[in-house]
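# Structure at a glance
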Amino acid sequence: MTAARDAQLRDALDSVRARLARAADAAGRDVDDIELLPVTKFFPADDVAALHRLGCTAFAESRDQEAAAKVEDVSRLIGGAPVRWHMVGRIQRNKARSVAGWAYAAHSVDSAKVVAALDRAAAEALEDGRRTEPLRVYLQLSLDGDEQRGGVDVDAADRIDQLCAAVDAAPGLAFVGLMAIPPLGADPGESFARLQRERDRVQQDFQQRLGLSAGMSGDLEAAVEHGSTCVRVGTALMGSRPLTSPEVVTPVTPSSQAPPEGSSQ
Ligand SMILES: *Cc1c(COP(=O)(O)O)cnc(C)c1O
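Just so it is clear, the structure is predicted and the values come from calculations on it, not from any experiment. (Residues numbered from 1 in each chain as written. Predicted model: local features only at pLDDT ≥ 70, side-chain atom pairs only at ≥ 80, totals over all residues. Heavy atoms only, no water.)

### A word on the overall build of the protein
Quick reminder of the rule: Think of it this way: any DSSP run of H or I at least four residues long counts as a helix, any run of E at least two long counts as a strand, and we number them from the N terminus. The globule rule is 2.2 Å times the number of residues to the power 0.38, and the radius of gyration it is compared with is taken over C-alpha atoms. Accessibility here uses a 1.4 Å probe with only protein chains present; expressed as a share of the type maximum, an area under 20% marks a residue as buried, one over 50% as exposed, and anything in between as partly exposed. Accessible surface area values rest on a Shrake-Rupley calculation with a 1.4 Å probe, where residue burial reflects the displayed protein chains alone. In this count, Lys and Arg are taken as positive residues and Asp and Glu as negative ones, while His and the chain termini are left out. Charge positions are represented by NZ for Lys, CZ for Arg, CG for Asp and CD for Glu.
A tally of helices and strands in the protein yields nine helices and nine strands. A compact globule built from 265 residues would reach a C-alpha radius of gyration of about 18 Å, and the protein, at 18 Å, matches this within 12%. Out of the 265 residues in the protein, the part that is buried amounts to 52%. Taken as a whole, the protein presents about 12,300 Å² of accessible surface, with 49% of it coming from carbon and sulfur. Of the charged side chains in the protein, 30 are positive and 39 negative; the average position of the first set lies 3 Å away from that of the second.

See the structure below:
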């Protein structure tokens with residue numbers, strides 16, 4: 001780990017924290033109600049350890065295979081200190097057992113089959129001591145109804161209600177909220193406003209306060225304005241990922257890089 005990379009990560013973290021504080025302020029919200037979740041996919045365990053030294057204790061990954069290996073490497077690097085790992089990518093049913101072994105939360109659950117597989121896997125992991133708490137689950141919604149890209153159609157209220165109820169009833173799972181990614185080209189403000197309305201509707205059926213996993217490097221301000229309780233930030237903290245990656249869910253544009261000078265206005 002080079003000192004230069006440490007300094008780069010420190011500066012990026014400072015600048016993202018400042019953006020988040022300004023966004024919370026502008027929305028009249030307490031910044032402590034919004035979790036900053038670094039997305040570390042494609043970046044090495046050394047980077048995660050550096051962020052941990054800077055005070056981060058939760059991280060997100062989007063592919064099981066990469067995550068499972070990194071979780072072990074990071075644990076070794078930081079002497080077994082407690083860290084909460086979040087799964088934010090598509091979950092295949094045959095990966096449920098592995099995900100239940102390392103993930104504190106899953107943000108990308110969008111079908112009854114995945115709910116059932118994760119519940120079984122988490123219950124088994126609770127039983128054999130690989131985990132101590134239920135897996136926290138966000139139901140992912142699709143804001144343009146294109147379910148191929150992940151998420152349940154935001155207009156399919158009946159299906160949303162059924163899935164939320166199924167997660168809430170599953171002994172291995174804890175239902176904690178909704179997640180969405182704005183469709184390509186859509187206005188983030190309108191997208192997050194729609195997500196927030198749906199959360200408010202779903203909330204009526206539950207006692208626990210439901211959160212919103214919303215906002216990434218390019219649109220976290222709009223997400224905070226519309227009630228996000230967890231922003232998932234990759235590029236603005238870590239730098240650009242390889243452009244050929246299928247995991248790049250938004251185009252990496254200069255404005256999504258959040259350069260320090262752009263965020264100091
Ligand atoms: C990669 C990823 C992010 C981070 O995106 P950036 O634009 O790099 O901040 C957030 N959420 C999900 C689901 C991702 O896959």
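On we go.
### As for the environment of Q208
This is how the line gets drawn: By definition in these notes, contact holds between two residues if any of their heavy atoms fall within 4.5 Å. Polar contacts, as used here, are pairs of N or O atoms within 3.5 Å; protein pairs need one atom able to donate a hydrogen and one able to accept it. Residues neighboring in sequence count only if both atoms are side-chain atoms.
Of note, Q208 is situated in the loop between helix 7 (188-203) and strand 8 (211-213). C-alpha of Q208 to C-alpha of D11: the two residues are 197 residues apart in sequence and 36 Å apart in space. Look past the residues within four positions of Q208 in its chain and what remains in contact with it is D168, F175 and Q203. Here F175 takes part through its backbone oxygen, which lies 3.0 Å from a polar atom of the side chain of Q208.

### Details of the UniProt feature "modified residue: N6-(pyridoxal phosphate)lysine" (unreviewed entry) in the protein
Put simply, the rule is: UniProt positions are given in the numbering used here, feature names are shortened, and annotations may be inferred rather than shown by experiment.
Here the UniProt-annotated "modified residue: N6-(pyridoxal phosphate)lysine" (unreviewed entry) positions come out as K41. Here K41 shows up in the loop between strand 1 (35-38) and helix 2 (45-53).

### Digging into the side chain of D119
What counts here: A pairing counts as a salt bridge when a side-chain nitrogen of Lys or Arg comes within 4 Å of a carboxyl oxygen of Asp or Glu.
Residue placement: D119 occurs in helix 5 (residues 112-127). For D119, which is buried and forms no salt bridge, the nearest opposite charge comes from R120, at a distance of 7.3 Å. Among the polar contacts listed, one links the side chain of D119 to the backbone nitrogen of G172, at a separation of 2.7 Å.

### Some details on the UniProt feature "domain: Alanine racemase N-terminal" (unreviewed entry) in the protein
The feature "domain: Alanine racemase N-terminal" (unreviewed entry), as annotated in UniProt, sits at residues 13-242 in this numbering. Across residues 13-242, the secondary structure splits into 43% helix and 18% strand, with the terminal C-alpha atoms separated by 21 Å.

### What about helix 6 (residues 157-169)?
Note the threshold: Helix span, expected: 1.5 Å multiplied by one less than the number of residues in the helix. What the arc covers is the set of directions going from the helix axis to the C-beta atoms.
Taking 1.5 Å of rise per residue, 13 residues should cover 18 Å, and helix 6 covers 18 Å from first to last C-alpha, within 8% of that figure. All of the buried residues in helix 6 are I160, L163, C164 and V167. Projected down its long axis, helix 6 shows its buried positions confined to an angular sector of 100°, all on one face. The exposed set on the far side of helix 6, more than 90 degrees from its buried face, consists of D158, Q162 and A169.

### A few points about the packing of helix 2 against helix 3 (residues 64-77)
Spelled out, the test is: Geometry is summarised by axes, namely lines fitted to C-alpha atoms with helices restricted to the contacting stretch, and by angles between N-to-C directions that run from 0 to 180 degrees. Working definition: roughly parallel below 35 degrees, roughly antiparallel above 145 degrees, roughly perpendicular at 65 to 115 degrees, and oblique for all remaining angles. Handedness of a helix crossing follows the sense of rotation of the near helix relative to the far helix, less than a right angle counterclockwise being left-handed and clockwise being right-handed. Here the nonpolar group is Ala, Val, Leu, Ile, Met, Phe, Trp, Tyr, Cys and Pro; Asp, Glu, Lys and Arg are the charged ones; every other residue, Gly included, is treated as polar.
For the pair helix 2 and helix 3, interaxial distance at closest approach is 9 Å and the crossing angle is 50°. Looking at the two axes, helix 2 sits oblique to helix 3. Two packed elements cross with a definite hand, and for helix 2 against helix 3 that hand is right-handed. In this structure, helix 2 uses A45, D46, V48 and A49 to contact helix 3, whose residues at the interface are K70, D73, V74 and L77. Per-class residue counts for the contact of helix 2 with helix 3 are five nonpolar, no polar and three charged.

### Digging into helix 7
Compared with the 22 Å implied by 1.5 Å per residue over 16 residues, the 22 Å span of helix 7 between its first and last C-alpha is a close match. Inspection of helix 7 places G189, S191, F192, A193, R194, L195, E198, R199, V202 and Q203 among the buried residues, and these make up the whole buried set. In this structure, the buried residues of helix 7 make contact with strand 5 (135-142), helix 6, strand 7 (173-180), strand 8 and helix 8 (220-225).

### Structural notes on the pairing of strand 7
Filter applied, for reference: Two strands pair if DSSP finds at least two bridges between them. Seen with the strands pointing away from the viewer, any crossover whose path from the first strand over the helix to the second strand runs clockwise is right-handed.
Within strand 7, seven of the eight residues are buried, which leaves the element mostly enclosed by the surrounding structure. As judged from the seven bridges shared by strand 5 and strand 7, these two strands associate in the parallel manner. What sits directly across from L141, in strand 7, is A180. When strand 7 meets strand 8, the two strands line up parallel, connected through three bridges. For G177, the partnering residue across the bridge sits in strand 8 and is G211. Handedness of the strand 7-helix 7-strand 8 crossover: right-handed.

### Description of the pattern of salt bridges
Tallied over the entire structure, the rule returns 16 salt bridges. As a salt-bridge pair, E66 and K70 come within 2.8 Å of each other at their nearest N and O atoms. With E66 and K70 both in helix 3, this residue pair falls four residues apart, about one helical turn. An identical accessibility class is assigned to E66 and K70; each is buried. Between R201 and D161 there is a salt bridge; the shortest N-O distance is 3.0 Å. Of the two residues, R201 sits in helix 7 while D161 sits in helix 6, which places them 40 residues apart along the sequence. Note on R201: relative accessible area 28%, which makes it partly exposed. By sharing partners, the salt bridges in this structure join D155, D161, R194, E198 and R201 into a single network.

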